[in-house]
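Commentary on secondary and tertiary structure
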Amino acid sequence: MKIMNKRGISLIEILVTLAIAGIVFAAVYEIYLSVQKQGLAQDEIAEMHQNIRIPLDQIIKELRMSGYNTGDAEIYGSTPATSITLDNANTNTITIQGDFDDNTFSEVVQYDIQNDANGIPVLKRCHKEGANPFNCEDFASNITSLKFDFYNENNTAQLVSTVSTSSSVRRVAVTITGRTKQHPADSPLGQLWTPNGYKEETLASGVVIRNFGEVNNDSTPPACPTNIAVSASGNCGELQITWSWSGTDADLEGFLISYTAANGLDTGTLTVSDPNA
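Small disclaimer: the values here were computed from a predicted structure and weren't measured.

**Considering the state of the cysteines**
What is meant by a disulfide is a covalent connection between two cysteines, made through their sulfur atoms. Following the criterion strictly, the structure yields one disulfide and no others. Disulfide pairing places Cys-126 opposite Cys-136 at an S-S distance of 2.0 Å. The sign of the S-S torsion, about 110°, decides the handedness of the disulfide formed by Cys-126 and Cys-136: right-handed. Here Cys-126, found in strand E4 (residues 121-129), pairs with Cys-136, found in strand E5 (residues 135-141); they are 10 residues apart in sequence, far enough to count as distant. Given a relative accessible area of 45%, Cys-136 falls into the partly exposed group.

Below, the structure is given as structure tokens:
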């Protein structure tokens, strides 16, 4: 009778196999945690961007309408007044006045950053229409900074010492900084966003103030040209138009000349940028 020599798996082979499997499983688990952490981070970053973009777009929209249908153009710091005071020490607060919904009633909105009971910075929006009281609401949470830069018609930054009236403002740059929710230091995102446990980003935009500086503009039409004459004495028989003008309107940019030939078929316009040409 022949005896078969069958050999099994030794204890050492089992231990080596388990060790290799443990290393592989540990590596796979680390990759899984990393992917999960990045996925959570991207979700919160997208939410943070949306949380900043919504108030930024709203403020830009209201700044664009500021001064509309109010009888005066008003944009000022934390203290409402016809003239503006830009307080660099309190750039998180701004008040805007205008008829934002075009219903003939002047409205006022005010934005301010305040911490809630849990210490989370919240952007508050207060709104009133006509003589009604302010209605305030939490507009966006985790907004850490709201900054405004004002520029005149020469694109020169307006400082506290130089700005006296809102009509000098022609452009406003708005910068908003926000953050994600704050996470404990031992959490996955807390470990990713050290040392504060949150990620912070800044978005900025600008707007031209269309309704400022219109109240005191010269509404008197310029003097009309006189001694208007048309001849063919130009170079090579070209049409020549002459006129006299003795106006002194400093804001007159020029004349727009419209002409029609005798046959009624040839018409056109010509812009003359120099009134004294």
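**Some details on the confidence of the model for the chain**
Regions with low pLDDT carry predicted coordinates that are not meant to be interpreted in detail. On average, the chain scores 76 in pLDDT, and the residues at 70 or more come to 72%. Contacts of residues 72-89 to residues separated by more than four positions or lying in other chains number 51 contacts, the stretch itself having pLDDT below 50.

**Comments concerning the sheet that holds strand E6 (residues 143-151)**
Strand pairing in a sheet is mediated by backbone hydrogen bonds. Such pairs are either parallel or antiparallel. With antiparallel pairing, the three strands of this open sheet are ordered in space as E6-E7-E8. Edge positions in the sheet fall to E6 and strand E8 (200-208), since each has one partner strand and no second. In this sheet, adjacent strand axes meet at a mean angle of 15° when their direction is disregarded. Sheet analysis places strand E7 (residues 171-179) next to E8, joined by nine bridges and oriented antiparallel. Residue Ala-173 lies in a different strand from E8, and its bridge partner there is Gly-206. Along the sheet, helix H1 (residues 11-65) contacts E6, E7 and E8; its crossing angle with E8, the most-contacted strand, is approximately 20°.

**Focus on the side chain of Thr-180**
By the secondary structure assignment, Thr-180 is in the loop between E7 and helix H2 (188-192). Those residues in contact with Thr-180, other than ones at most four positions away along the chain, are Glu-44, Ile-45, Met-48, Asn-142, Trp-193, Tyr-198 and Lys-199.

**Concerning unusual backbone geometry**
Between Thr-194 and the following residue, Pro-195, the backbone shows a cis peptide bond with an omega angle of 0°. Located in the positive-phi region is Asn-142, a residue other than glycine, with phi close to 60°. As for its placement among the helices and strands, Asn-142 is situated in the loop between E5 and E6. Among the residues examined, Asn-142 registers a relative accessible area of 9% and is labelled buried. If you check the backbone angles, Asn-155 has positive phi at about 60° while not being a glycine. By secondary structure assignment, the location of Asn-155 is in the loop between E6 and E7.

**Considering the pairing of E4**
As paired elements, strand E3 (residues 107-115) and E4 share nine bridges and run antiparallel to each other. Its bridge partner being in E4, Val-109 is matched across the sheet by His-127. In this antiparallel pair of consecutive strands, E3 and E4, the connection spans five residues, and Gly-119 shows a positive phi of 80°. With six bridges joining them, E4 and E5 adopt antiparallel strand pairing. What sits directly across from Val-122, in E5, is Ser-141. Adjacent in sequence and paired antiparallel, E4 and E5 are bridged by five residues, among which Gly-130 carries a positive phi angle near 60°.

**Examining H1**
Relative to the 81 Å expected for 55 residues at 1.5 Å per residue, H1 spans 81 Å between its end C-alpha atoms, a close match to the ideal helical length. Taken together, the buried positions of H1 are occupied by Ala-41, Glu-44, Ile-45, Met-48, Ile-52, Pro-55, Leu-56, Ile-59, Ile-60, Glu-62 and Leu-63. With its phi angle positive at about 85°, Gly-67 sits one or two positions after the end of H1.

Criteria and thresholds
Residues numbered from 1 in each chain as written. Predicted model: local features only at pLDDT ≥ 70, side-chain atom pairs only at ≥ 80, totals over all residues. Heavy atoms only, no water. Disulfide = S-S within 2.5 Å. Helix = DSSP H or I, 4+ residues; strand = E, 2+ residues; numbered from the N terminus. Buried < 20%, exposed > 50% of the residue type's maximum accessible area, 1.4 Å probe, protein only. pLDDT = per-residue confidence, 0-100. Contact = heavy atoms within 4.5 Å. Pairing = 2+ DSSP bridges. Axes fitted to C-alpha atoms, helices over the stretch in contact; angles between N-to-C directions. Expected span 1.5 Å × (residues − 1).

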